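# Descriptive analysis of the structure
Listed below, chain by chain, are the residues.
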Number of protein chains: 2
Amino acid sequence: MSISDLVKIFKALSDETRLKLLALLENGELCVCKIVSILKMSQPKVSFHLNILKDAGLVKMRREGTRIFYSLDDSDLFKRFLILSIIEKIKDKAFSSNFNQKGGVIWK
Amino acid sequence: MSISDLVKIFKALSDETRLKLLALLENGELCVCKIVSILKMSQPKVSFHLNILKDAGLVKMRREGTRIFYSLDDSDLFKRFLILSIIEKIKDKAFSSNFNQKGGVIWK
DNA sequence: AAAAAATATAAAAATTTTTTGATATATTTT
DNA sequence: AAAATATATCAAAAAATTTTTATATTTTTT
């Protein structure tokens, strides 16, 4: 892993939207449209940020028909540690308005 | 640790100069003038980046006379892990032109 | 093959970060 | 108290990132 790979990973993590995206994917893959409806952000904005996470090797994608599902890519140990640390630290804080009282995500 | 604290830490790490600064401090504190002469960067630039690292709680400083010495601040476990990971990953790659053949820093 | 749905991409605008050059501040030395 | 040294700060310029709006692409459905 080169310095610029490291910088790319940290750049990807240095944005609140992207940290929320990672936390949102904690429980498995989601399609872009679901993410858009949960975070209430524009679709291009979500795609833009997902793409940065993908370039940094932090998420991976899979097409199913017209939808594209994103999920965490923790195949690398260091990245896995980062992702888990982030999720542990921001869990529940990230989506207060999108969670119900049991702590489950409210899918819109 | 809030989301914005996390973002601040990752922002601080998302720059090659700053990763090099952290690696440079691996073996103990250094004054700004020493860092400037090793990295061959302008003094305001070095101060700027050190300040970002300090704001993120990754380095600390100590004045001694007219000099100010910076050192790693790894009092927090998560930050310590990040710093150690970075150093392990970029060691030797970071300063090829500033190291001698034994791997020691060539102080100018 | 046209329409619809989901997503990506591109261009322009807005925002943030970084660099540079000049100057200010703090401490020590003369 | 003036000069010298080390560092910080500031303002302007440059560069990079993010957001927005519009459009293109891909796949499925009709």
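Being a predicted model, the structure only gives us computed values, none of them experimental.

## Re the side chain of Thr 17 of chain A
Residues and elements named next belong to chain A. Positionally, Thr 17 belongs in helix 2 (residues 16-24). Overall, the relative accessible area of 12% leaves Thr 17 in the buried class. Setting aside residues up to four positions removed in sequence, Thr 17 forms contacts with Met 41, Lys 45 and His 49.

## Digging into the relation of the copies chain B and chain A
Least-squares fitting of chain B to chain A yields an RMSD of 0.0 Å, with the transformation described by 0.0 Å of translation along the axis and a rotation of 180°. These values place the two chain copies in the arrangement generated by a two-fold rotation axis. Identified as the residue of chain B closest to the rotation axis by C-alpha distance is Phe 10 of chain B, at 2.7 Å. Of all interface residues in chain B, 100% are interface residues in chain A too; the two copies therefore contact each other through one and the same surface.

## Details of helix 3 (residues 32-39) of chain B
Residue and element names in this part refer to chain B. The complete set of buried residues in helix 3 reads Val 32, Ile 35, Val 36, Ile 38 and Leu 39. One side of helix 3 holds all its buried residues, which, seen down the axis, span an arc of 170°. Once helix 3 ends, the next one or two residues include Lys 40, with phi positive near 55°.

## A few points about the pattern of salt bridges
The full count for this structure, using the stated rule, is 8 salt bridges over all chains. Between Glu 64 of chain A and Arg 62 of chain A there is a salt bridge; the shortest N-O distance is 2.9 Å. Judged by relative accessible area, which is 33%, Arg 62 of chain A ranks as partly exposed. When the shortest N-O distance is used, the salt bridge between Glu 29 of chain B and Arg 62 of chain B registers 2.5 Å. Pair noted here: Glu 29 of chain B is in the loop between helix 2 (16-24) and strand 1 (30-31) and Arg 62 of chain B is in strand 2 (residues 59-64), with a separation of 33 residues, a long-range link. Since its relative accessible area comes to 35%, Glu 29 of chain B is described here as partly exposed.

Cut-offs and rules
Residues numbered from 1 in each chain as written. Chains lettered and ligands numbered in written order. Predicted model: local features only at pLDDT ≥ 70, side-chain atom pairs only at ≥ 80, totals over all residues. Heavy atoms only, no water. Helix = DSSP H or I, 4+ residues; strand = E, 2+ residues; numbered from the N terminus. Buried < 20%, exposed > 50% of the residue type's maximum accessible area, 1.4 Å probe, protein only. Contact = heavy atoms within 4.5 Å. Least-squares fit on C-alpha atoms with pLDDT ≥ 70 in both. Arc of directions from axis to C-beta. Salt bridge = Lys/Arg side-chain N within 4 Å of Asp/Glu carboxyl O.

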